[in-house]
Each structure stands twice: as C-alpha cells, then as structure tokens.
Amino acid sequence: MDVLIHIFVGLHIIGIAALLGGFLTQMKAMGRGAARFTPAMLHGALTMLVTGAVLIGLNQAQDYSVDNVKMGVKLAVLIVILGLVYVKRDEEKVEKPLFGLVGGLTLVNVFIAVLWT
C-alpha cells in the first residue's frame, strides 16, 4: 500500500508542476497583459484534486494520521484556483490581478503542504 501512496504523491506533484509551470510560462505575457490560463493549468489543478482525495483515502485506510483541518484548507484553496481557471479557460486574455491570484494561491497551497505540521 505504501508504494501506491508514493505513486499518488508523485502524480500529485506532477499536477502541482503542471499548474505552477503553466503559470510561470505565462509570466512574460502577464507583464504585457496578454496572459491566459493554459490547458495544462486546468489539468494540473484537476490532477491535484483527484490525487489529493485518493491520498487522503489511502492514508486513512492505512490508519495513518491525516490533519483534516489542513486538508480542508488546502481543498478550499484548490477549489478557488480550479474555479478561476475553469471559468476563464477560454478567454484570450486574463486580467493581471486574477492571473497573479492563481499563481499566488498555488504557492500558498505548496507552502501549506510543506510548512503546516
């Protein structure tokens, strides 16, 4: 079961990389006011949602401790990210503050994961 958990952790990190990587590749365009949400960002956020839910279930099935408050906060932040990216996914340009908010919230989610103990 531990191998399965590690596989899903790897997939979760790939989702984070897709979301954050999509944001970082659009930084130059954001400076010009031409940034847009890429399909990789949407798919990365969805991957994070699915793998995160699976990881919680797998950890609870193994009787490992899961901080439900931390997971709830991370889920709330991810739902905001996912909602923004999903609603604005077809627009040619996304406003700078909105685009920056998605990048900032993604970083907040990463730091919650590693710093909240």
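Residues numbered from 1 in each chain as written. Predicted model: local features only at pLDDT ≥ 70, side-chain atom pairs only at ≥ 80, totals over all residues. Heavy atoms only, no water.

- The name an unreviewed UniProt entry gives the chain is Integral membrane protein, with Streptomyces salinarius as the organism.

**Brief notes about the nonpolar core**
One recurring pattern in soluble globular proteins is that nonpolar side chains are buried together.
For step 1, the next point in the chain: Grouped together as the largest cluster of nonpolar side chains are 23 residues, with contacts concentrated most on Leu19, Phe37, Met41, Ile81, Val85, Phe99 and Val102.
For step 2, the next point in the chain: Of all the elements in the fold, those that place two or more residues in this core are helix 1 (2–25), helix 2 (27–32), helix 3 (39–61), helix 4 (68–87) and helix 5 (96–115).
For step 3, the next point in the chain: Per element, the largest residue contribution to this core is six residues, and it comes from helix 4.
For step 4, the next point in the chain: Discounting chain neighbours no more than four positions away, the residues touching Phe99 are Phe23, Gln26, Met30, Ala35, Arg36, Phe37, Met41 and Val94. (Core = buried A, V, L, I, M, F, W, Y, C linked by side-chain atoms within 4.5 Å. Buried < 20%, exposed > 50% of the residue type's maximum accessible area, 1.4 Å probe, protein only. Helix = DSSP H or I, 4+ residues; strand = E, 2+ residues; numbered from the N terminus. Contact = heavy atoms within 4.5 Å.)

**Describing helix 5**
For step 1, the next point in the chain: The terminal C-alpha atoms of helix 5, which comprises 20 residues, lie 28 Å apart, in line with the 28 Å expected from a rise of 1.5 Å per residue.
For step 2, the next point in the chain: Of the residues making up helix 5, those classed as buried are Leu98, Phe99, Val102, Gly103, Leu105, Thr106, Asn109 and Ile112.
For step 3, the next point in the chain: If you follow the buried residues of helix 5, they end up packed against helix 1, helix 2, helix 3 and helix 4. (Expected span 1.5 Å × (residues − 1).)

**Comments concerning the environment of Ile5**
For step 1, the next point in the chain: You can see Ile5 is positioned in helix 1.
For step 2, the next point in the chain: The exposure class of Ile5 is buried, given its relative accessible area of 7%.
For step 3, the next point in the chain: Beyond its immediate stretch of four places on either side in the chain, Ile5 contacts Leu55, Leu58, Asn59, Gln62 and Tyr64.

**Focus on the packing of helix 4 against helix 5**
For step 1, the next point in the chain: Running from amino to carboxyl end, helix 4 crosses helix 5 at an angle of 160°, the nearest separation of the two axes being 10 Å. Considering the angle they form, helix 4 stands roughly antiparallel to helix 5. Between helix 4 and helix 5 the crossing geometry is left-handed. Where helix 4 abuts helix 5, its residues Lys70, Val73, Lys74, Val77, Leu78, Val80, Ile81, Leu84 and Val85 lie against Leu98, Leu101, Val102, Leu105, Thr106, Asn109, Ile112 and Ala113. (Axes fitted to C-alpha atoms, helices over the stretch in contact; angles between N-to-C directions. Parallel < 35°, antiparallel > 145°, perpendicular 65-115°, else oblique. Left-handed = near helix turned anticlockwise from the far one by under 90°.)

**Concerning the pattern of salt bridges**
For step 1, the next point in the chain: Scanning the model with the defined rule gives one salt bridge in all.
For step 2, the next point in the chain: The closest approach of N and O atoms between Lys88 and Glu91, which form a salt bridge, is 3.5 Å. (Salt bridge = Lys/Arg side-chain N within 4 Å of Asp/Glu carboxyl O.)

**Quick look at the environment of Pro97**
For step 1, the next point in the chain: The residue Pro97 is located in helix 5 in this model.
For step 2, the next point in the chain: Note on Pro97: relative accessible area 64%, which makes it exposed.
For step 3, the next point in the chain: For the pair Pro97 and Lys74, spaced 23 residues apart in the sequence, the C-alpha separation amounts to 21 Å.

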